[in-house]
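# Fold and contact review
Single-letter residue listing:
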Protein chains: 2
Amino acid sequence: MIRKEVKDFEPYTVMEGDYRIWLDKNESPFDLPMELKDSIFDDLKNLEFNRYPDIDGRGLKKKLASSLELHKSNIVVGNGSDQLIDCIMDLFMGDHMIIHTPTFGMYSFYAKKRGLNIVEVPLDEEYDLPAIDYDFEGARVIFICSPNTPTGNVLDREKIIDYLETGCPVVLDEAYADFAENSNLDLIDEYSNLIILRTFSKAYGLAALRVGYAVGDESLMRQMSKIISPYNINKISLEITKRMMDEDKLIQENIEFIKKERENMISELSEYAYPSQTNFVMFDLDAYEYLLKKGIVVRKLSGRLTGKIRVTVGNKEENREVMTALNEFVSVLP
Amino acid sequence: MIRKEVKDFEPYTVMEGDYRIWLDKNESPFDLPMELKDSIFDDLKNLEFNRYPDIDGRGLKKKLASSLELHKSNIVVGNGSDQLIDCIMDLFMGDHMIIHTPTFGMYSFYAKKRGLNIVEVPLDEEYDLPAIDYDFEGARVIFICSPNTPTGNVLDREKIIDYLETGCPVVLDEAYADFAENSNLDLIDEYSNLIILRTFSKAYGLAALRVGYAVGDESLMRQMSKIISPYNINKISLEITKRMMDEDKLIQENIEFIKKERENMISELSEYAYPSQTNFVMFDLDAYEYLLKKGIVVRKLSGRLTGKIRVTVGNKEENREVMTALNEFVSVLP
């Protein structure tokens, strides 16, 4: 009685255990300052825990709309971007979805869960989108991640536009755009087949709260908001996220710190590091086990990226430690 | 490019507006006491907001397992029961699902979203399950809600067992079981095709947090945990829920209050009230608009229940107000 897709399904797992330094999940190194937590929790005491949250997170949508200079019907909020990815796959017709490889693993997770075929478009040698050499007949949606994980680079805007021009629904995941020079958010004015995903888990340092949002054409977002679960974000995550949108100065400082550290890490091992517009760096170093022995967890890459690692930019001490270890690793390379 | 099921989809809506008394969502009338909130928030200050929560809510699962005297692999936790309902529909094979009518609306919501056919089994005159007169060939799952909403009654255990004996996967939603005399949780030892749903939104008064859980056979729950979204419950909801599981005395007092008030409400208008083992009462009174004019929101029922209302048991004052208004309404009935 269990579906075959479920039986064959490989669960999503992460490294766990008793390690000192975690640079594997692209989390922010910055927790909220204690005085800010104090003030947030003071406000939260007035929340009624016994009452359901906004049915559609409208308070947060309104705040996002005003910050992005859009209308609130351009926005759908989700219990992490994950819920939005899942929901989007139910939105469109088509017997397969398209992803570029390598990229974020959750697009495939949600496709496989529903038995949706996946067509993989390999990125080119620079990990950029290739020219379109594909018939989009029957394609449900294409997922593009830019800046991309785990490679760290921004994909070429003109190429993204080429994909949009096919008319196929395009999801552009900009989870890391806060660390990049440019965003493609302006494209939603022009392309009604575009949905952009953003998250508060990375630059805003709110991974604990699970809040993401989708931005797109009003009529498209209206359809999406019909089928996404009502009451999908809890009241506390909604409140804290709204509150943190007022802390622009703090967030910008954190972003600047991370970008600076990132560039230091890249230049320190420039021979092995890939350029990045994110809060992580991909290194062409097979150092996963070496780092793990020192209590440092990074992401071990596989497939086409076998032998490489993805290292989240952490705080000063963490970055110092991982770079020291990587320098040691390099010094004994044959 | 939008799926037809989505275009035709009717969104889930709730009454909104500027009313005084909300007795429409079966929420608990009890917010947490302020000193408990103080203590909870003191603990929460040590949570790292920048780090993802448990990938599978294992801390909460462990605590639930110990409280239910089960193993943690018997349990899957969800972002509200809603997420569990949604996930369960992806778990099994079959071209249609079965619900009894009337019942909770979200089973149909998630079936319609995925274009899954719904076969409706009408409850009998007492709103109990009918004898099985149905070929289960091709049925993906049957949803049984007991105690049922909006009718308030517990469905007959022997009939539930008859449905289990067919071998078809059965989801038994026990969202309101804390207000009932008995639960059917013990049946999971015997039936590997049974999943029981529970929630912290009703008796625990934590609707704001969106936490529910599913209990079932280990191998079945292991399949379910593979396909449910990782990191599906935020850290704060997980922490507060675990903490509230230690407040058994408070929760039991609240439940006793609600049961006592419920019985008072039923006996006060016994001619119109249906028996209830929940935190609400169904009345055979077409008083929705009448109450609304007085600033009191209840649930207006439809279909087979047209002309009836569902009234959540609120606090003493709210119950006094709604009963006074209903008595007035009755006194002028033709």
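Not measured: the values here are computed from a predicted model.

## Details of the sheet that holds strand β9 (residues 280-283) of chain A
Residue and element names in this part refer to chain A. Here three strands make up an open sheet; going across it, the order is β9-β12-β11 and the pairing antiparallel. With one partner strand each, in any of the chains shown, β9 and β11 (299-300) form the two edges of the open sheet. Note that β9 and strand β12 (residues 309-312) share four bridges and pair antiparallel. Following the sheet pairing, F283 is matched in β12 by I309.

## Focus: the interface of chain A and chain B
How big an interface is tends to be expressed through the accessible area that disappears when the partners come together. Listed by partner, the interface residues are 71 residues for chain A and 71 residues for chain B. Across the chain A to chain B interface the summed buried area is about 6,500 Å²; carbon plus sulfur atoms make up 58%. Of all residues in chain A, the largest losses of buried area upon contact with chain B belong to M1, F49 and Y52 of chain A, amounting jointly to 13% of the total for that side. Viewed at the interface, chain B and chain A are joined by 10 salt bridges. The closest approach of N and O atoms between K45 of chain A and D38 of chain B, which form a salt bridge, is 2.8 Å. If you look at where chain A meets chain B, you find 48 residue pairs in polar contact (both at pLDDT 80 or more). Secondary structure elements with two or more residues in the side of chain A that touches chain B: α1 (4-7), α2 (34-44), α5 (106-113), α7 (218-227) and α8 (235-244) of chain A. Top element by residues in the side of chain A that touches chain B is α2 of chain A. It accounts for five residues. The class makeup of the residues in the side of chain A that touches chain B is 37 nonpolar, 14 polar and 20 charged.

## Some thoughts on the confidence of the model for chain A
Summarising the model, chain A shows a mean pLDDT of 97, and 100% of its residues fall at 70 or more. This complex was scored by the predictor with a pTM of 0.97 and an ipTM of 0.97.

Parameters at a glance
- Residues numbered from 1 in each chain as written.
- Chains lettered and ligands numbered in written order.
- Predicted model: local features only at pLDDT ≥ 70, side-chain atom pairs only at ≥ 80, totals over all residues.
- Heavy atoms only, no water.
- Pairing = 2+ DSSP bridges.
- Helix = DSSP H or I, 4+ residues; strand = E, 2+ residues; numbered from the N terminus.
- Contact = heavy atoms within 4.5 Å.
- Buried area = accessible area lost by both parts, 1.4 Å probe.
- Salt bridge = Lys/Arg side-chain N within 4 Å of Asp/Glu carboxyl O.
- Polar contact = N/O pair within 3.5 Å; in protein donor to acceptor, adjacent residues only side chain to side chain.
- Nonpolar A, V, L, I, M, F, W, Y, C, P; charged D, E, K, R; others polar.
- pLDDT = per-residue confidence, 0-100.

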